[in-house]
Each structure stands twice: as C-alpha cells, then as structure tokens.
Amino acid sequence: MSPTGRLRRAVVERLYGVRRRLLRAAPVLDRVGLRRLRVVDVAHAQDLLGRGVENLNVLIPGGPVSFAPEDEPFLRVSKYYSGGTFERPDVFVCDVPSGFIHVGTGLVLTAGGTIVEESVLAYRLPYTSVYQGLRPLRPIRIHGSVATIFNVFGGNFWHWLVDSLPRLVSLRRVLPAAEPVTLVLPDTLHAAQREVLSHLLPTNFSVRILPKRVWVRADRVILPSFLSGRANGFLPADYVNEIRSQVLRGFGLPEAAERRERIWVSRKGTVHRQVRNELAVMDALAPLGFRSVRPDLLPMREQVELFRTADIVVGPHGAGLGAILFSGRIPVVVLYPNEVPTTFFFTLARGLGQKHLFLLHGAPGEEDDFDADVPRLRTLLEQELARMAPASEVPAP
C-alpha cells in the first residue's frame, strides 16, 4: 500500500475508534428507557409487514445459486463461497409509509425508527455513519413517493453498477409509469454515475440531489432490495440485459460488438492495490496486443465502448474492472494481491457468463500494493489466447 493509502487508512481507523468510544456511552440512553431515540433496532422487511412496511412485492423468489464445477480451484482458496453456492434472498420492492432515508448511505427507517435491514445489508451497518447514533431530529420533508438506490459504498463505481443500478430496474418493473417518484441521491455522486443514471432513469422519476449527511422523511418511501450481496455481483441475466441495453441505447451504441480490444486495466493514481512493476507487466503484454487503460480518466461513453469491444480484460482487483458489465462472454483475468482472494469480480464475471481466470500473490492483505508475477501472467495469457477463437461480430449476452 502506498504511503498515502496507509495514511488514509490510519485516519479512517482513528475516526472509527473515536466513534466506537462515543457509542459506548449510548447504552446509557437504553438503560433510562430512551432506546427509541437511537438508530439501533434492525428487522427484515418481511417481519415488519403491518408494523411499518406495506405492499411487499416479490420479483424474484430467493433460493440457492450454484457455481460451475470449473470454478472449484478458485473457490477452494477464496474468502467467500467456498462451498460452491450462495443463497440469494427474495428480490422485492416494498413501501415504508412515513419512512426516513439517510441520503448518504441509503439506510431506511420505518416511521417507528426501525432499520429495514434490506436497505443497507446487515454486514454493512457498522460502516454507516448513523448506525447506533441518534434518530433524525430535523429531516427534510418531501411529499409524495420517494425512493433510494444508494448504498454506503455507493461512491465506488463497482458498487454503483452492481449494488445500485439493478435496484432501479426493480423500481421500473413495479411502479406504474404514470406515478411521479423522487429519487434522492447524495451530492457526492460523480459525473460518470450521473451520466449512466440519465440513461436508465424512468421518465416518471425526478432526481433530487441533497447533502449526504441529511435525512429525508417522505409520505411514502419505496424501498427496492439488493440483488447483490457480500462481495457478490452475480446478477440475474434479465437485469443485466436491461441495464446494458438502456445504457448502450443512451450512448447510441449498437448491441453487437466486434471484439478487438485486449485491455490491461491500470490502477495508477489509486491509493491501494497498485501493481508496483506495471512497466514490466506492459513490456510483457504489449507484444500480445494489450494496451493499458485507466477507466477513471475516460468519458463514460468511451469506457462503455472500450469494454463492449473487449476480447479479453486483464487487471488487478479494483473498481476499474466493473465495466466488464458491458463486455461479452470473454475471459477476465484478475490479479489478486494476496493468497485469499475476495469474490467481487469472480461473481460478477460468472454471472455475466464470462470466464474468470486468476493469479494470486503474496502481499499480506487484499488492499496492499504488490509486484505482479510477470512470467506466470505471460504464460497464462499465451495459453488463453491460443484457446480463443478469432474475434468476430457477436451479440453481447
């Protein structure tokens, strides 16, 4: 990890430490009967029906999802899903009458102050700035129907693509086209996120940008559940197709793509997971037809076009790989810093029908900078390129 990255992590850990010490005093409120003043009680939407949640509409019933037998070598060493399956909960949209939304995290409270767990995912609660703190005292009041698709990690492009946008598809499928809905989003939303959103936003939706720390109270909060999970971007194919089609149409790009690009996704300029010997990597990959790109420096249309025409994508684990959402059924080669890889891009790639190849390295942690094993990477790519059919005009999945 770079010195800047280490400093940032130290500052964040120090702030979390201060917050934890302050929260140790919060149970005093509980002991004097004032627990209701805190954002602390959590329940599933299903358990809150009739007690702050209404009109729960299940779009996809929950159930197990299995990975393919050829994924076993990765799953054997991965941080999650080593059993070869995961359980997808029900995908639904529900109403929270007179509910609250915290704009910067997407956390939703019932009128009685209970957190609807599906608004934030339980394991992410400690990462929010409001969990176990005080309930909103002066929320911004918005009349009518208000929705959120944001999440506590929503500033990260992978989490925007995988956590947020599919929830917008759920809203589109449930709500009448004539019903006006206000979508509240934080003022930290960057240009690429706004541009993609503009191509997916239903015509009956308006967007209201607000400071990330504020609470909103609405006559009716409409809450779509997550389709993603913990380090899990395995999305239903029809949701992916709808997102892809709308974005491609918005950018004036055809569905069919000539696969011609061999891409190395660089993490230069980031604060962690940089490949220290990237020059040596490109010396080895350039003769194989690869070029280095930094997606964060490209206009969004150019990013979509680049990944749409990719023949193979290679890069270290990081948000820049999220745009494989717009690629076809191609090989994706992910370089992991350590020997216990996390599963963000494995699950995303497998859900897209892409081939996931990987190399592990010996860094202490999954956030650390590392030196890529160039000989092994070169050998892996030469073998995979030899197996690949010539690029051709094919429809995207």
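Residues numbered from 1 in each chain as written. Predicted model: local features only at pLDDT ≥ 70, side-chain atom pairs only at ≥ 80, totals over all residues. Heavy atoms only, no water.

### A word on the environment of C94
- Along the chain, C94 turns up in strand β5 (residues 91-97).
- Judged by relative accessible area, which is 0%, C94 ranks as buried.
- Each C-alpha atom of the pair C94 and L171 lies 9.7 Å from the other, and the pair is 77 residues apart in sequence.
- Other than its neighbours up to four places away in sequence, C94 contacts A45, V53, E54, N55, L56, V221, I222 and L223. (Helix = DSSP H or I, 4+ residues; strand = E, 2+ residues; numbered from the N terminus. Buried < 20%, exposed > 50% of the residue type's maximum accessible area, 1.4 Å probe, protein only. Contact = heavy atoms within 4.5 Å.)

### Quick notes on the sheet that holds strand β14 (residues 261-265)
- With parallel pairing, the 5 strands of this open sheet are ordered in space as β15-β14-β16-β17-β18. The strands lining the two open edges of the sheet, one partner per strand, are β15 (290-293) and β18 (355-360). Ignoring strand direction, the axes of neighbouring strands in this sheet form an average angle of 20 degrees.
- Sheet topology note: the β14/β15 ladder contains 4 bridges and is parallel. In the strand pairing of β15, V265 is matched with V293. (Pairing = 2+ DSSP bridges. Axes fitted to C-alpha atoms, helices over the stretch in contact; angles between N-to-C directions.)

### Quick word on the confidence of the model for the protein
- With 89% of its residues at a pLDDT of 70 or more, the protein has an overall mean of 91.
- pLDDT under 50 marks residues 391-397. Its contacts with residues more than four places away, or in other chains, come to 21 contacts. (pLDDT = per-residue confidence, 0-100.)

### Observations concerning the packing of helix α4 (residues 157-174) against helix α9 (residues 344-351)
- α9 packs onto α4 with a crossing angle of 45 degrees between their chain directions and a minimal axis gap of 12 Å. Relative to α9, α4 is oriented oblique. α4 and α9 meet at a crossing whose hand is left-handed. Each of W158, H159 and V162 in α4 lies in contact with α9, whose residues at this interface are F344, F345 and L348. (Parallel < 35°, antiparallel > 145°, perpendicular 65-115°, else oblique. Left-handed = near helix turned anticlockwise from the far one by under 90°.)

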